[in-house]
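Residues per chain are reported as follows:
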Amino acid sequence: MTGSEVIELRTAEEIKSAYPVMRELRSHLSEEQYVELVQEAMDVDRYHLFALYAGEEMVAVTGFKEMTTLYYGRFVWVCDLVTSSTHRSQGYGEELLTFVEDWAQEHGMESIALSSGISRLMAHRFYEGKVDYDRVSYVYKKSFTEE
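Criteria and thresholds
Residues numbered from 1 in each chain as written. Predicted model: local features only at pLDDT ≥ 70, side-chain atom pairs only at ≥ 80, totals over all residues. Heavy atoms only, no water. Patch = residues over 30% accessible without salt bridge, like charges linked within 9 Å, V, L, I, M, F, W, Y side chains within 5 Å. Areas by Shrake-Rupley, 256 points an atom, 1.4 Å probe, with all protein chains shown as cover. Salt bridge = Lys/Arg side-chain N within 4 Å of Asp/Glu carboxyl O. Lys, Arg positive; Asp, Glu negative; His and termini not counted. Charge placed at Lys NZ, Arg CZ, Asp CG, Glu CD. Helix = DSSP H or I, 4+ residues; strand = E, 2+ residues; numbered from the N terminus. Pairing = 2+ DSSP bridges. Axes fitted to C-alpha atoms, helices over the stretch in contact; angles between N-to-C directions. Contact = heavy atoms within 4.5 Å. Buried < 20%, exposed > 50% of the residue type's maximum accessible area, 1.4 Å probe, protein only. Phe/Tyr/Trp six-rings, centres within 6.5 Å; stacked < 30°, edge-to-face > 60°.

(A) Quick peek at a negative patch on the surface. A surface patch of negative charge is lined by E32, E36, E40 and D43. Along the chain, the position of E40 falls in helix α3 (residues 31-45).

(B) Summary view of the sheet that holds strand β4 (residues 73-83). Reading across from one edge, β1-β2-β3-β4-β5 is the order of the 5 strands in this open sheet, with mixed pairing throughout. Strands with a single pairing partner mark the edges of an open sheet, and in this sheet they are β1 (4-8) and β5 (111-114). Along the sheet, successive strands turn relative to each other by an average axial angle of 30 degrees, direction set aside. Its contacts with the sheet place α3 against β2 (47-54) and β3 (57-69), and it is angled at close to 125 degrees to β2.

(C) Molecular detail of unusual backbone geometry. Positioned with a positive phi, S89 is a non-glycine residue whose angle comes to about 65 degrees. Inspection of the secondary structure puts S89 in the loop between β4 and α4 (92-106). With phi around 60 degrees, D132 is a residue other than glycine that occupies positive phi space. Considering the arrangement of structural elements, one finds D132 in the segment after α5 (121-130).

(D) Seen up close, the pattern of salt bridges. Within the structure shown, the criterion is met by 7 salt bridges. Here K65 makes a salt bridge to D45, at a shortest N to O gap of 2.6 Å. Of this pair, K65 sits in strand β3 while D45 is found in helix α3, placing the two residues 20 residues apart along the sequence. Salt-bridge contacts for K130 lead to E94; the nearest nitrogen and oxygen are separated by 3.8 Å. Here K130 is found in helix α5, whereas its partner E94 is found in helix α4, with 36 residues between them in sequence.

(E) Local environment of the side chain of H124. Structurally, H124 is set in helix α5. When neighbours within four sequence positions are excluded, H124 is seen to be in contact with S116, G117, I118 and G129.

(F) Region of interest: the environment of H87. Of note, H87 is situated in the loop between β4 and α4. Of the residues examined, H87 reaches a relative accessible area of 12% and is grouped as buried. Placed 30 residues apart in sequence, H87 and G117 show a C-alpha to C-alpha distance of 21 Å. Those residues within four positions of H87 in sequence are excluded, and the remaining contacts are E57, V59 and Y92.

(G) Focus on the packing of aromatic side chains. Across all of its chains, the model carries 8 aromatic pairs by this definition. With 6.2 Å between their ring centres and 50 degrees between their planes, Y127 and Y133 make a pair best called tilted. Comparing Y127 with Y133 shows no difference in burial state: the two are buried. A connected cluster of aromatic rings, assembled from ring pairs, spans F50, F64, F99 and W103.

In structure tokens:
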């Protein structure tokens, strides 16, 4: 891979520009909901949104936040990581996740954690086999609205 660059997306227009890629992971969100939630997460929850460009084209997006808990200490929680379907298996997901790892270390974080849906077997193979993440827990959810 040559000619790739990771850029932080901060403005409403920049955030909106990532929607076509993010929609592949978060298909339940309209563009308006997505922009609103990203901006709120940035304002109140230390959320960062970055895009990986190959040349002029956005090929992958990640959203993560800095967190502090008694279990993990100071760490980065990867909320969203998606490579556009037309660019998968070309190393972009790994490149973007490596960027997040470097960012976390540069900002004094002790680790990185993320959750991956039970049915996402390809993602599990990526995390466990390709980028050497350990499966350490189950995540449970209780919703208060109908899905």
